[in-house]
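# Geometric and topological summary
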Amino acid sequence: MKKTIAVLFVFSFLILGWQSCNQTDSQKKETATTPVITKEAKACTPIKDPNNPKPMALMMRMMAANADSMRSQLLRGETLDSTNYPFIKFYLVEPTDPNVLEPQFFENARLFQQAYKNLFAKPKDQIKRYNLLINSCIKCHESYCSGPLKRIRKFPIE
Ligand code: HEC
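A brief structural summary. (Residues numbered from 1 in each chain as written. Predicted model: local features only at pLDDT ≥ 70, side-chain atom pairs only at ≥ 80, totals over all residues. Heavy atoms only, no water.)

## What about the overall build of the protein?
In terms of regular secondary structure, the protein is built from five helices and zero strands. The order of helices and strands in the protein, counted from the N terminus, is α-α-α-α-α. A burial count over the protein gives 27% of its 158 residues as buried. Long-range pairs, those at least 24 residues apart, make up 65% of the contacts in the protein with a sequence separation of at least 6. Within the structure as shown, the protein displays about 11100 Å² of accessible surface, and the carbon and sulfur contribution to it stands at 61%. (Helix = DSSP H or I, 4+ residues; strand = E, 2+ residues; numbered from the N terminus. Buried < 20%, exposed > 50% of the residue type's maximum accessible area, 1.4 Å probe, protein only. Contact = heavy atoms within 4.5 Å. Areas by Shrake-Rupley, 256 points an atom, 1.4 Å probe, with all protein chains shown as cover.)

## Overview of the site of the ligand
Taken together, 24 residues lie near the ligand, and M60, R61, C137, C140 and H141 sit nearest. In this structure, A57 approaches the ligand through a main-chain N or O atom, which is 3.3 Å from an oxygen atom. Within the side chain of T96, one N or O atom sits 2.5 Å away from an oxygen atom of the ligand. Counting residues per element, the ones that place at least two in the shell around the ligand are α2 (55–75), α3 (103–121), α4 (126–144) and α5 (149–152). With six residues, the single largest contributor to the shell around the ligand is α2. (Near = heavy atom within 4 Å. Polar contact = N/O pair within 3.5 Å; in protein donor to acceptor, adjacent residues only side chain to side chain.)

## Side note on unusual backbone geometry
Backbone geometry places D125, a non-glycine residue, at a positive phi of 55°. Residue class for D125 comes out partly exposed when judged on its relative accessible area of 43%.

Written out as structure tokens, the structure reads:
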């Protein structure tokens, strides 16, 4: 009886060992394909796992939703209030592709933040300044993430 238990014990270890080996194998596979995934991420489509986005991708979704809502407000003739649209510091959080974090990206982020401040500086000419803000989204996206460009190019107000 004791022998059987001992055998079962060893056997279960063998199974566990085999399972963890399998895990490492699939992990290895994942690392092997990482360069391909990174390339795709730079173009932003398709995203490796759309249900598990990186913080920067999440913030970008909020920024796009905000731009959409700013556009509707301006088209209704309303004035945008900065308290409804706090600036989102997307450049401080983790992106899908860490290679984007280079000087030109941060310079684009700086110009974007400047355009953001200008939008709320005076209630006058907000449509014009909103369009300039969207231009600075486009400018960064032309270099770093061309996937959403088609969508962003619909944001400007004619
Ligand atoms: C300084 C560069 C920069 C600026 C400015 C910028 N973006 Fe982005 N955007 C990125 C990068 C980089 C990503 C990829 C983020 C990631 O996957 O982690 C991204 C991703 C996105 C996405 C896709 C998010 C997803 O679901 O994966 C949308 C939509 C987007 N941006 C819209 C906008 C809009 C709208 C603006 C302007 C209001 C804007 N972006 C301004 C660099 C920028």
